[in-house]
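Fold and contact review
Here are the chains, one letter per residue:
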Protein chains: 2
Amino acid sequence: MLHLNAFSQCTPHSQAIGQWKNPLDKMSLGYLDLVMWTHIAKTLERGCLDALFLADIHGIYDGYAGSRNASLTHAVQVPGSDPLLMVSALAAATKNIGFACTYSTTYHAPYECARAFSSLDHFTKGRIGWNIVTSYVKNAEYNGLGTMLPHDERYDRAEEYMEVVYKLWEGSWEEDAATRNLDTEVHSDPAKVHEVNHEGEYFSVSGPHMCEPSPQRTPFLYQAGSSPRGIEFGAKHAEAIFMNFDFKNLSESKEKVRYLRERIEAHGREPKTVKIMMPFTPIVGETDKEALAKQLGFQNYFSTDGLLALFAGHTGIDLHDQDPDLELQNLDSEGMRAFAKRMNGKTVRDYLSDRPVSTMVGSPKNVADKMETLHEIGIDGFVASPIVQPGSHEDLVDLLVPELQSRGLFRKNYVTKTLREHYSGQKNVRTSEHHPSAEYRL
Amino acid sequence: MLHLNAFSQCTPHSQAIGQWKNPLDKMSLGYLDLVMWTHIAKTLERGCLDALFLADIHGIYDGYAGSRNASLTHAVQVPGSDPLLMVSALAAATKNIGFACTYSTTYHAPYECARAFSSLDHFTKGRIGWNIVTSYVKNAEYNGLGTMLPHDERYDRAEEYMEVVYKLWEGSWEEDAATRNLDTEVHSDPAKVHEVNHEGEYFSVSGPHMCEPSPQRTPFLYQAGSSPRGIEFGAKHAEAIFMNFDFKNLSESKEKVRYLRERIEAHGREPKTVKIMMPFTPIVGETDKEALAKQLGFQNYFSTDGLLALFAGHTGIDLHDQDPDLELQNLDSEGMRAFAKRMNGKTVRDYLSDRPVSTMVGSPKNVADKMETLHEIGIDGFVASPIVQPGSHEDLVDLLVPELQSRGLFRKNYVTKTLREHYSGQKNVRTSEHHPSAEYRL
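Just so we're clear, the structure is a prediction, and the values are computed from it rather than from any experiment. (Residues numbered from 1 in each chain as written. Chains lettered and ligands numbered in written order. Predicted model: local features only at pLDDT ≥ 70, side-chain atom pairs only at ≥ 80, totals over all residues. Heavy atoms only, no water.)

1. Structural notes on the overall build of chain A
Rules: Runs of E in the DSSP output that reach at least two residues are strands. Runs of H or I that reach at least four are helices, and both are numbered from the N terminus. Atoms considered for the radius of gyration are the C-alpha atoms alone. The globule rule reads 2.2 Å times the number of residues to the power 0.38. Partly exposed residues are those whose accessible area sits between 20% and 50% of the maximum for their type, while under 20% is buried and over 50% is exposed, using a 1.4 Å probe and protein chains only. Here the accessible surface of atoms and residues is derived via Shrake-Rupley with a 1.4 Å probe, and residues count as covered only by protein chains that are part of the display.
Looking only at helices and strands, chain A has 16 helices and 11 strands in total. What you see for chain A is a C-alpha radius of gyration of 22 Å, in line with the 22 Å of a compact globule of 442 residues. In chain A, buried positions account for 64% of the 442 residues. Summed over all atoms, the accessible surface of chain A reaches about 15,600 Å², with 49% contributed by carbon and sulfur.

2. Quick look at the packing of helix H7 (residues 151–170) of chain B against helix H8 (residues 228–237) of chain B
Residue and element names in this part refer to chain B. Our working rule: Here an angle of 0 to 180 degrees is reported between the N-to-C directions of two axes, which are lines fitted to C-alpha atoms, with helices fitted over the stretch in contact. Here the word oblique covers every angle except those under 35 degrees (roughly parallel), over 145 (roughly antiparallel) and from 65 to 115 (roughly perpendicular). For any pair of crossing helices, the crossing counts as left-handed if the nearer helix is rotated counterclockwise from the farther one by less than a right angle, and right-handed if it is rotated clockwise. Contacts: residue pairs with any heavy atoms within 4.5 Å of one another.
The N-to-C vectors of H7 and H8 enclose an angle of 15 degrees; their axes lie 10 Å apart at closest approach. Between H7 and H8, the crossing angle belongs to the class labelled roughly parallel. Judged by the twist between their axes, the crossing of H7 over H8 is right-handed. Contacts between H7 and H8 pair His151, Asp152, Tyr155, Asp156, Ala158, Glu159, Met162 and Tyr166 from the former with Arg229, Gly230, Phe233, Lys236 and His237 from the latter.

3. So, the packing of aromatic side chains
Residues and elements named next belong to chain A. To keep things clear, this is the line we draw: Centres within 6.5 Å make a pair out of two Phe, Tyr or Trp rings, where for Trp the six-membered ring is used; the pair is then stacked when the planes are under 30 degrees apart, edge-to-face when over 60, and tilted otherwise.
According to the stated counting rule, one finds 36 aromatic pairs over all chains in the structure shown. Residues Phe7 and Phe242 carry aromatic rings whose centres are separated by 6.2 Å and whose planes lie at 55 degrees to one another, so their mutual orientation is tilted. Taken as a pair, Phe7 in strand E1 (residues 3–9) and Phe242 in strand E8 (residues 240–242) lie far apart in primary sequence, 235 residues in all. A residue is classified by how much of its surface remains accessible, and Phe7, at 8% relative accessible area, is buried. We classify Phe242 as buried; its relative accessible area is 12%. With a centroid separation of 4.9 Å and 40 degrees between ring planes, the pair formed by Phe53 and Phe242 is classed as tilted. Residue Phe53 is found in strand E2 (residues 51–55), and its partner Phe242 is found in strand E8; the two are separated by 189 residues along the sequence.

4. Side note on helix H10 (residues 288–299) of chain B
Residue and element names in this part refer to chain B. For clarity, the cut-off: Expected span of a helix: the number of residues minus one, times 1.5 Å. Summarising the geometry, the arc corresponds to the directions from the helix axis toward the C-beta atoms.
For H10, which comprises 12 residues, the first-to-last C-alpha distance of 17 Å matches the rise-based estimate of 16 Å (1.5 Å per residue) to within 8%. Of all the positions in H10, only Ala291, Gln295 and Phe298 are classed as buried. Viewed along the axis of H10, the buried residues span an arc of 60 degrees, placing them on a single side of the element. For H10, exposure combined with an orientation more than 90 degrees from the buried face picks out Lys289 and Leu296. Close packing links the buried residues of H10 with strand E9 (275–284) and strand E10 (359–362).

5. With respect to the interface of chain A and chain B
Definition in use: Using a 1.4 Å probe, buried area is obtained as the accessible area two parts lose upon being combined, added over both of them. Salt bridges are identified by distance alone: a Lys or Arg side-chain nitrogen within 4 Å of an Asp or Glu carboxyl oxygen. Pairs of N or O atoms are called polar contacts if they sit within 3.5 Å, as long as, within protein, a hydrogen donor faces a hydrogen acceptor (for residues adjacent in sequence, only side-chain-to-side-chain pairs).
Contact residues are listed per partner, giving 71 residues for chain A and 71 residues for chain B. Here chain A and chain B share an interface that buries about 6,000 Å² over both sides, 59% of which is from carbon and sulfur atoms. On the chain A side of the contact with chain B, A:Leu85, A:Phe123 and A:Met210 bury the most area, a combined 12% of that side's loss. Where chain A packs against chain B, one counts 10 salt bridges. Note that A:Arg115 is salt-bridged to B:Asp56, the shortest N-O span being 2.6 Å. Where chain A meets chain B, there are 46 residue pairs in polar contact (both at pLDDT 80 or more).

6. Digging into the side chain of A:Asp121
Residue and element names in this part refer to chain A. To keep things clear, this is the line we draw: A residue counts as positive if it is Lys or Arg and as negative if it is Asp or Glu; His and the chain ends are not included.
Note that Asp121 resides in helix H5 (residues 110–123). The side chain of Asp121 sits in the buried core without any salt bridge; Arg420 is the nearest counter-charge, 6.7 Å away. Among all residues touching Asp121, those that are not within four sequence positions of it are Gly126, Arg127, Ile128, Ser214, Pro215, Gln216 and Arg217.

7. Things to note about the relation of the copies chain A and chain B
Using the following cut-off: Only residues with pLDDT of at least 70 in both copies count here: their C-alpha atoms drive the least-squares fit that superposes the copies.
Of the transformation superimposing chain A on chain B, the axial component is 0.0 Å and the angular component is 180 degrees, with the fit at an RMSD of 0.0 Å. The superposition operator between the copies reduces to a two-fold rotation axis. If distances are taken from each C-alpha of chain A to the rotation axis, the shortest is found for A:Ala89, at 1.8 Å. When you check the interface residues of chain A against chain B, 100% turn up at the interface there too, and the contact is symmetric in its surfaces.

8. Some points on the pattern of salt bridges
Counting across every chain of the model gives 54 salt bridges over all chains. Among the charged side chains, a network of salt bridges with common partners joins A:Glu170, A:Glu175, A:Arg217, A:Arg430 and A:Arg441.

Written out as structure tokens, the structure reads:
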């Protein structure tokens, strides 16, 4: 069975830069409106999706043409709001779908992180996921959100961060600590609530955790690092790995999957228990022709300067005034290494015209065929980026999902309750015994 | 016209320590349930209250008998969850009532604070308030949430913190910066989005703010400091001051109001524009007799050790094994000074038996008479603490509010939309021109 997430961000658009001008799209203002967001969550729940995945950044990309101007002009993930703060509204409007929230180890103390996700795991009744990011927006540093460490040290610190939050989630409150015993008049048994007494290089946290055990305890963990260090981090901690694949190059994709599974196993984990999720941008119509017409319509609204501002934000490379025939594989930066392989043989011009990225365009049958092929080489699921909201989510749910369901590739209704169970099956509410968090379990 | 808030906290009980054992109370588990919280918010909105006020702490009180045991045993604000993370669910379920959230200047970077409240001001359509606290839970320090500064230095830092968030809220985005102009294809005009370039003793924040202007911009500001320094901070920044008054000592209360108004004026503000809000615990029945019977019922469940753990948390003074006849006015600590005056002539025994605090018990007429008297000496409104939830909020809304309405003391329906307008009248959506935030307004 496949896993399906929809991607979004609390901003006019996350990837489909320029679509705010598209009359079909309502997110330019709608991103601030809980009515719009609950509509989206309910739509995705109608399609039995595992989760709504919410990206996030802190700050404004300012690396294109030496300023933030293009980011503001073209609404490149700005203005934006905090996605964590809208989840409870979506949880109250739904019963089954999960919420995967991006939250940075750089900008929040681990004690705060543990408290936030425990709170949300309670409020959602076990439907919260955490997309662990170590953050990359330089602008955030100038806003007093902590020093931007070098890439690898960011991961060293993140390793210790995970240790702290695991201790708080798994190792502080015993399962029956909140006993609420009316006979003994004990609400929480002090003998069953423990300090964590973490003393490390980056953090000093005594505990105890102030939240009682939530359904999942450790939220379901996503990670998307694609550098060698990022892959190791994901292979160790993630339960769903978010990774780009080229569906036109299946042998390379197959090798990538194999390598990932190998790294997961190297961390003492059952390779199949970690789900490999591929982001893509489906454009689905009743027929191939209708889908192509939709794609043509979207192409009118993509913004070149906006896309280059996003590119600069992701890679740190400023393509302003660059020769459009420059081959991207010749560029080098920390961020560039992350998707350099996808850029093999591509020019600046190709990058801009190949919009939206990783598109699968066609009838439900056509797109489902591609997904099935990727599933066969070991990809466990997909994260669908919308181009217009509403619209793209509805096409996903009303056109693509029924096709996947008819092939027996996707659930027809929710049989599981928590986000971890959606991925790992009934009764698997807690992290598995080989997950690093299990070491701290009481 | 009076202003009315209801008080609560995302924990089994905030002040009514021990009521988790009362079969009428459902918050022992209900504090984690959005269905319970939306019920509470809708109930209070039915009563046309200005706001639901949500207290919060980070950490566990551990100052009684040298440990955290009593806090856990008696559920003294632990276990607890993050109130900020449930507000959007309450906002989605209501249309008018405001939400006043406690948020600490000690535990979050000002850039994060600005982003959080701008997000919530958008999601609530201008119904968010911020109860500014500088924090006092020693336990938080051991959890890596920043160093606990000495009391006055905490306020120095908080002063600078306010400057930063005002700059981000009021001085970064011009009103029409997010132009969404389809003709010029400009979403946000870079020329109208400004850096704030704050460089101070405690913070260095360049900006710009990443959120577009929200309805209120600066959230409606509450403050509850009662030390001399805390009073000055409130007189300068707060739009609602939360302060204890002894309704049995009207001349002293009148003098306290006079002093507060004087301090507000000393900061160049119109004294009447700042609302003085008094916390109290109404126990209302159809008749005095019924109310007294309710009070007797509640008294079965208060917990002595729990109350002493709360006392230790607030004052830093451990009354374990103290002579019950000890007079509290003889004790001294930073926290104690805050409510030393209320303790004049009172013993430990009195403190424990005088539960709940600042109670007004009786028929709607009886309680409304007291409120009216306090209103006449200059108190603008009240913050009602519940004893049992549900129950206390319903009594407030169904018994007390109609009595206040029939006297013309309280609104019969909402004529204003934003929280600031509920307090300050229609069209006053933004802070007033004499408020310190106005200095940074573009």
